[in-house]
Amino acid sequence: MKTCLVVDDSKVIRMVARKILEDLEFQVVEAVDGREALEACKKKFPEAVLLDWNMPVMDGLEVLRELRILPGGDAPVVVFCTTENDMNHIQQAIEAGANEYIMKPFDSEIIQAKFAQVGLL
Amino acid sequence: MDDLLSEFLTETSEALAVLDVELVKFEQDPSDSEILGNIFRLVHTIKGTCGFLGLPRLESVAHAGENVLGKFRDGVVDVTPEAVTLILKCLDTIRELLGELEESGEEPEGDDSALIAELNAMADGETAPVEAAPDEAEAAPEAAPAPEEAASEPFADSGLVLPTADEIKLVQDTFKLAEPNAAGIAEMFYNRLFEIKPDFKDLFKGDMKAQGEHLMAMLKTAVEGLDDLDSITFAVEDLGRRHVDYDVKEEDYAIVGEALLWTLGKGFGDDFTDDVKSAWTTVYTLLANMMINAVNDAGDQAPAEAAAPPTNDFGAPVAQDLLDEVMAAEANGIKAAPEVQLKTEMAAEKAQESQSDESKPAEANAEATQEKVMDESNVPTQAEEMEPANKEESKAPKESAVAQSSIRVHVDVLEDLMTQVSELVLTRNALLQLVRGRDKDDELTTPLQRLSHITSDLQEGVMKTRMQPIGNAWAKLPRIVRDLSVESGKQIDLEMLGADTELDRQVLELIKDPLTHMVRNSADHGLELPAERVEAGKPERGSIKLNAFHQGGHIIIEVSDDGKGLNMARIREKCIENGVATDAELENMTDQQIQQFIFAAGFSTAEKVTSISGRGVGMDVVRTNIEKIGGTIELKSVAGKGSTFTIKIPLTLAIVSALIVECSKQRFAIPQISVLELVRASARSENAVEMINKSPVLRLRNRLLPLVSLKKLLELDKDEEQTAAEIEKAAEAAAEKAAAAKAAAEKAASVKAAADKAAKEKAESEKAEAEKAANEKAEAAEAAAEKAAGEDATEEDRAQAEKAEAEKAEAAKELAEKVKAAKELADEVAADKAKADKEATAKSLSALDEPSDDEMFIVVTQVGTSTFGIIVDQVFDTEEIVVKPVSPILRDISFYSGNTILGDGSVIMILDPNGIASAAGQLDTEEEQEETTAQAVGQEGEIMSLLIFRAGGNDRKAVPLALIARLEEIDMADTETSHGQVMVQYRGHLMPLIPCDPGHEFKAEGRQPILVFTDSDRSLGLAVDEILDIVEDKLKIELASDAPGLIGSAVIDGQATDLIDAGYFLTQGFPDWFGTASQGAFQKKDGTRRALLVDDSPFFRNLLSPLLSVAGWEVITAETADEALKMRELGNTFDVIISDIEMPGMDGFEFAADVRGDPRWKDTPMVALSGHSSDDDFQKGREAGFNDYVAKYDREALVSGLAQTVAGAARGNGAPPVAEAAE
């Protein structure tokens, strides 16, 4: 079973993501902010990361950059997930090492589609 | 309500609370990008989450707010108070929507376009051009960081054709024309619409008229917003999305458009020119396309969704069905599997925690928990969020651990738990009580002790779960203060100390409103406007300080401000207005006593009702609320310096530690919170009870403590008297009964005797008769016939006689029984009487015993600032009691705060020290009075020579030595009597002798000690029993007195002493001793010179008036400078004004300046009185306008100074004081 780390400061969104991902047979690990996400990654790299942009303590972009520096940190598939939808943001995210970019609000089908695109499913 | 939604509500409410605080901080320091970042993120999260739940209204409001915040962040828009107000308004709207969402579970219908328009206008800056339209697509409404791009190509990428300015104007003008007939137009429109497409009828259910109104209102908003498309974009797009829910398809818009144009054409007739028509067409097309685009764009953002027909519920919550699945899945236990697997993995712990974090509340409590739930994680999390990122290296892991190890529990669960624990405590107490009487080695003892410990721990633990930091109750205050400061133009700093002090959430809820009210009050009434503050020499910014801390089992919360303090004059007026006190009563009260009146009902001193406070909810409500939870509130206010409210509240309400006492065989509980100490007073101990003015006081460590007898207060002794009286009555009745019975018995006895006699006589006569008959018979038989027959006859006779005998005996026996019964009754009654007598005696004995009882238990109790003792019969132990509310029928009795069940099962009342204090009269202010009097006297100083003597009884009495001319002992043989007045010839004059004690009788001879008061040619002798001593001590009146001849009581030389009022006795000897001062008319009399004495201390007024009167002045006194100035207004004139310097309110210097500044009293000479007499003071006094400056205790100097001053003033013909100072 693949593991997906869901990083979002809103519990509501984590709950939604967990539900969707568990249906897709993912093992879900949650993190409420970037710092915690990195801690989780350092313990064990998940196969996938669903990463929010705006978070307290450490934002998604920083997490992504730090993650990619970590030895083996290029392995997890990171799907950026935010309401920031302009090209500028998307480009920034992709440059920082995101594999895919999802708009909020997402639903099961969107996740499925995107995860399929990046080969997680 | 579903779990996801409730989670959302909780999360968002918390975010809003943080936002309120952060925004206020941010406004103060707009350069703090970190705070702004935090604010932005929170709003952003709210918006993002709304999308998941399908809450378009909330989302659009949050988005507009976020937009503005984004502009703040980018530095495009300046942070102004208006802008922040607008953001706060936006948050309020969100809060409102949340509230409704919570209630109904659905987002309410409504229109926020006005607010959104405002926000958007703000985001575009004030100079933003009309066409600065956003390019956001509906489903991804993110802040556009590059507005210039958007401005250049408005709506271009969405392929919309914008109406020209002319077209807009045309549409708006025609719409205005049509508006008065809106209802008709709507009706026409709908009719036409249904004509074209009858299917539509099904879409419109319900009241068509309301629908029509709604339609016209929307149309109006849209038309009016055409100038600034930004402002209506959201509303229109929203509508579009909602249409999807109604299965409105793209092609339908054309039909609606057709109907609309037809209707307009009909309505305007000839005015509906081609221009108008084309303008409307353009506008309608634009609006329709916006709606269509909103739906399609949304579809574009969701590729998977795009294939689906537009009727798919995109607008409806994405998460809705998802949630159902979540619930279903959880119900089926699906989540269990991954959990087990995880355990083996490295991240297992955390993940599991996070999972249980989530799943537990879902399982345990599907209900929404919008209320603040005990969740420690939130506060720290939010707090740490604000910290700079570089500091967080070490903190973050710890913080997340906290976050993950806490769960949310519904408040009801905790409340239930608390109730159960309360019951457990009661049961534990009952068990302990049972065991108490038993053997120590009882096998029950040990387990019971364990049970007891565990119960206590459990109780403490449950209590802890209910604890919340008081900061939660304060969270709204910064926002409130901020709003107030904007509204009132005051600059206010709010300082909050001890926000992490924890207290029971029940208590917290209850003090929230009072606290808010007090802070409002401080901001509105307390603090002055910046200009006034500068004038008063204070910094421009006012400050309100909140301070919370623990103090011995309760929590103290102080709310203080550095404003102008309470308006004493206004309170006085208001007191009289409201009839709570008379003028005369107020005269005798200290400022602090008067200040307490603001807690009386309907007492707002706000000059005008502002929107901030003064809305009829006054301090009385605050006090009631606080007292409801067993707390107290007190107030200290210093004019010009500010006010401080101190609230003392118990940590928790449910279980309190109480002292159990007994009085008249009844037990009572006194909450430990108010018990200071227990004193056993007896005549022999050093803590003796003394009687002052017929009321008992306890001398405790050189302080006089007023005492209240619980027995008298609760009229328990009355009960006893009553029972005694009843018993006596019963005894009397019994005695009567006994007497009656005795009489009956006597009667019975005599009857018996009579009966005996009668029976005997009867029997005898019968016997005689029988004998006679027998004899006769025998004789006849003898005479008539043979011997044998005679024997028979005799036998018959004997039988008859025997029968009579038996009858007689029976009657006697019956009687004897009756007598016996009567006697028994009499005995019984007598015994009853004896018993009753005995009891009555015992009762009266015990009643007699009580006052003379050597030993008394006194519970020293503190209520607010006042301390008093409650006299009880016996003191038991302290017990943890569970407070049950007082039953409604007893609720009016203020002595009780509740009742409880003791360990032995008995129900007892919990005394309310507050109620007792107020019921016991002036007690609640006595101490304050004492304090202030002490201050008034103590300030000046000082040690004073006092003559201690005894007169009537053993009470020590004192009089200031300065007033006494000589001490004499005269021979009573030398005295004479004239007009019933005892006189003695003394130094060539007749001197009246007045007894100090009214009950004193002059002896015929022997030596009589007297105190001689003298004036130039007359003297008066005050007869006393014994002159004890002359002591030097601080004079500190502890208890003021109303009794004639007494000023009050004080501790002098370590003992309670009555201070006598010399003036009273002087007028007894010579009613005209003080001239006509006592008649006190404000008219100037010939020959007497009038002096106005202004001094706040009643003691000095009393001391100086006689002195001045003796010197030939007519003295009129005033307690404050204000009062003195009032006399000026009334047209009074004086020959001299003597004024104290240190006075509350207007001080002597200000007073002098005022006097000199007004023509009426400008030339009246003034003498300053003060304890201080340094050269500086002299100088300052002279500068202020005083002609002379005299030390308070120097009576010679005062009298001579007065004379000189007046003479000098007369000479100089009221020369300006400055000139005199220069002399």
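Residues numbered from 1 in each chain as written. Chains lettered and ligands numbered in written order. Predicted model: local features only at pLDDT ≥ 70, side-chain atom pairs only at ≥ 80, totals over all residues. Heavy atoms only, no water.

How should the overall build of chain B be read in this particular structure?
Of regular secondary structure, chain B possesses 40 helices and 35 strands. The buried share of chain B, taken over its 1223 residues, is 48%. Sequence-distant contacts, at least 24 apart, represent 69% of the contacts inside chain B between residues at least 6 apart. Within the structure as shown, chain B displays about 59500 Å² of accessible surface, and the carbon and sulfur contribution to it stands at 52%. (Helix = DSSP H or I, 4+ residues; strand = E, 2+ residues; numbered from the N terminus. Buried < 20%, exposed > 50% of the residue type's maximum accessible area, 1.4 Å probe, protein only. Contact = heavy atoms within 4.5 Å. Areas by Shrake-Rupley, 256 points an atom, 1.4 Å probe, with all protein chains shown as cover.)

Explain the overall build of chain A here, please?
Secondary structure assignment for chain A yields five helices and five strands. Start at the N end of chain A and walk to the C end: the helices and strands fall as β-α-β-α-β-α-β-α-β-α. Taken across its 121 residues, chain A has 66% of its residues classed as buried. Of the contacts formed within chain A by residues at least 6 apart in sequence, a portion of 60% connects residues at least 24 apart. Carbon together with sulfur atoms contributes 48% to the accessible area of chain A, which is approximately 4000 Å² in total.

Explain the packing of helix α3 (residues 56–74) of chain B against helix α4 (residues 81–104) of chain B to me, please; I cannot follow it from the model alone.
Packed helices, taken two at a time, are described by the angle their axes make and the gap between the axes. All names here are of chain B. Packing of α3 against α4 brings their axes to within 10 Å, and their N-to-C directions diverge by 160 degrees. One finds that α3 runs roughly antiparallel with respect to α4. The chirality of how α3 crosses α4 is left-handed. From α3, R57, L58, V61, A62, G65, V68, L69 and F72 reach across to α4, where they touch A83, I87, C90, T93, I94, L97, L98 and L101. Partitioning the contact of α3 with α4 into residue classes produces 13 nonpolar, two polar and one charged. (Axes fitted to C-alpha atoms, helices over the stretch in contact; angles between N-to-C directions. Parallel < 35°, antiparallel > 145°, perpendicular 65-115°, else oblique. Left-handed = near helix turned anticlockwise from the far one by under 90°. Nonpolar A, V, L, I, M, F, W, Y, C, P; charged D, E, K, R; others polar.)

Before we go on, may I ask you to explain the packing of aromatic side chains in this structure?
The description of two aromatic rings rests on the distance between their centres and on the angle between their planes. Following the criterion strictly, the structure yields five aromatic pairs over all chains and no others. Ring plane angle 40 degrees and centroid distance 6.0 Å describe the contact between F26 of chain B and F72 of chain B, whose orientation is recorded as tilted. Taken together, the residues span a long stretch of sequence, with F26 of chain B in helix α1 (residues 3–28) and F72 of chain B in helix α3 at a distance of 46 residues. Each member of the pair, F26 of chain B as well as F72 of chain B, is classed as buried. Measuring from centroid to centroid gives 5.6 Å for F1134 of chain B and W1161 of chain B, while their planes differ by 80 degrees, and the two rings are edge-to-face. Separated by 27 residues along the polypeptide, F1134 of chain B in the loop between α36 (1121–1129) and β33 (1136–1140) and W1161 of chain B in the loop between α37 (1148–1156) and β34 (1166–1170) bring together distant segments of the chain. Taken together, the ring pairs connect W53, F80 and Y101 of chain A into an aromatic cluster. (Phe/Tyr/Trp six-rings, centres within 6.5 Å; stacked < 30°, edge-to-face > 60°.)

When you look at the nonpolar core in this model, what are you seeing that I'm missing?
As a rule of thumb, nonpolar side chains are buried together in soluble globular proteins. Counting residues in hydrophobic clusters, the biggest one holds 68 residues, and the most contacted among them are L21, L50, F106 and F115 of chain A together with F8 of chain B. Those residues in contact with F8 of chain B that sit more than four places away from it in its chain are V12 of chain A together with I46, T49, C50, L53, L55, L58, L98 and L101 of chain B. (Core = buried A, V, L, I, M, F, W, Y, C linked by side-chain atoms within 4.5 Å.)

Help me understand the environment of N293 of chain B, please; the structure alone is not making it clear to me.
All names here are of chain B. Relative to the elements of secondary structure, N293 occurs in helix α12 (residues 274–301). Overall, the relative accessible area of 19% leaves N293 in the buried class. Taking the C-alpha atoms as reference points, N293 and G240, separated by 53 residues in sequence, lie 8.2 Å from one another.

For this particular structure, what's the right way to read the sheet that holds strand β16 (residues 874–882) of chain B?
Two orientations exist for strands paired in a sheet by backbone hydrogen bonds: parallel and antiparallel. All names here are of chain B. The strand order across the open sheet built from five strands is β16-β8-β9-β18-β17, with neighbouring strands paired in mixed fashion. Here the strands that pair on one side only, and so sit at the sheet edges, are β16 and β17 (896–901). Direction aside, the axes of adjacent strands within the sheet are offset by 35 degrees on average. The pairing of strand β8 (residues 655–663) with β16 spans seven bridges and is classified as antiparallel. Bridged to S657 within β16 is E880. (Pairing = 2+ DSSP bridges.)

It is not clear to me how the pairing of strand β9 (residues 666–671) of chain B should be interpreted in this structure. Could you clarify?
Within a regular strand, the side chains alternate between the two sheet faces. All names here are of chain B. Looking at chain direction, β8 and β9 are connected through six bridges and run antiparallel. Of the residues in β9, the one forming a bridge with V661 is F668. Where β8 folds back on β9, the antiparallel hairpin that results is connected by two residues, among which S664 adopts a positive phi of roughly 50 degrees. Where β9 and strand β18 (residues 907–911) come together, two bridges link them in parallel fashion. Its bridge partner being in β18, F668 is matched across the sheet by M909.

Help me understand helix α5 (residues 108–117) of chain A in this model?
Side chains three or four residues apart in an α-helix point the same way, a direct result of the helix having 3.6 residues per turn. All names here are of chain A. Among the residues making up α5, those that are buried are I110, I111, K114 and F115. Taken end-on, α5 shows its buried residues confined to a sector of 120 degrees, consistent with a single buried face. Note on α5: the residue one or two positions beyond its end, G119, has a positive phi of about 80 degrees. (Arc of directions from axis to C-beta.)

What am I meant to see in the packing of helix α2 (residues 33–53) of chain B against α3 of chain B here?
Residues and elements named next belong to chain B. At a minimum axis separation of 9 Å, α2 and α3 run at an interaxial angle of 155 degrees. Relative to α3, α2 is oriented roughly antiparallel. Seen from above, α2 lies across α3 with left-handed handedness. Contact residues: L36, I39, F40, V43, H44, I46, K47, C50 and G51 in α2; L58, E59, A62, H63, G65, E66, L69, G70, F72 and R73 in α3. Broken down by class, the residue content of the contact of α2 with α3 amounts to 10 nonpolar, five polar and four charged.

Before we go on, may I ask you to explain helix α4 (residues 87–96) of chain A in this structure?
All names here are of chain A. Within the span of α4, buried status applies to H89, A93 and A96. On an axial view of α4, the arc spanned by its buried residues comes to 65 degrees, and they lie on one face. Among the exposed residues of α4, those pointing more than 90 degrees away from its buried face are M87 and E95. Summarising the contacts, the buried residues of α4 are in contact with α3 (60–69), β4 (77–82) and β5 (100–103). Note on α4: the residue one or two positions beyond its end, G97, has a positive phi of about 115 degrees.

Any chance you could explain the pairing of β4 of chain A here in plain terms?
Residue and element names in this part refer to chain A. Among the six residues of β4, six are classified as buried, and the element is accordingly described as predominantly covered. Alternating positions in β4 separate into two faces, V77, V79 and C81 on one and V78, F80 and T82 on the other, with burial throughout. Here strand β3 (residues 48–52) runs beside β4; their pairing, made up of five bridges, is parallel. Bridged to L50 within β4 is V79. On the question of chirality, the crossover connecting β3 to the parallel β4 by way of α3 is right-handed. As defined by bridge partners, β4 adjoins β5 across four bridges and the pair is classed as parallel. (Right-handed = clockwise from strand over helix to strand, strands pointing away.)

Please clarify how a nonpolar patch on the surface should be interpreted in this entry.
A cluster of nonpolar side chains, contributed by L431, L434 and L451 of chain B, occupies part of the molecular surface with about 250 Å² of accessible area. Its location among the elements puts L431 of chain B in helix α19 (residues 411–436). (Patch = residues over 30% accessible without salt bridge, like charges linked within 9 Å, V, L, I, M, F, W, Y side chains within 5 Å. Salt bridge = Lys/Arg side-chain N within 4 Å of Asp/Glu carboxyl O.)

Just checking my understanding: could you explain a negative patch on the surface for this structure?
A contiguous patch of negative charge, built from E807, E810, E814 and E817 of chain B, is present on the exposed surface. Structurally, E807 of chain B is set in helix α31 (residues 787–852). (Lys, Arg positive; Asp, Glu negative; His and termini not counted. Charge placed at Lys NZ, Arg CZ, Asp CG, Glu CD.)

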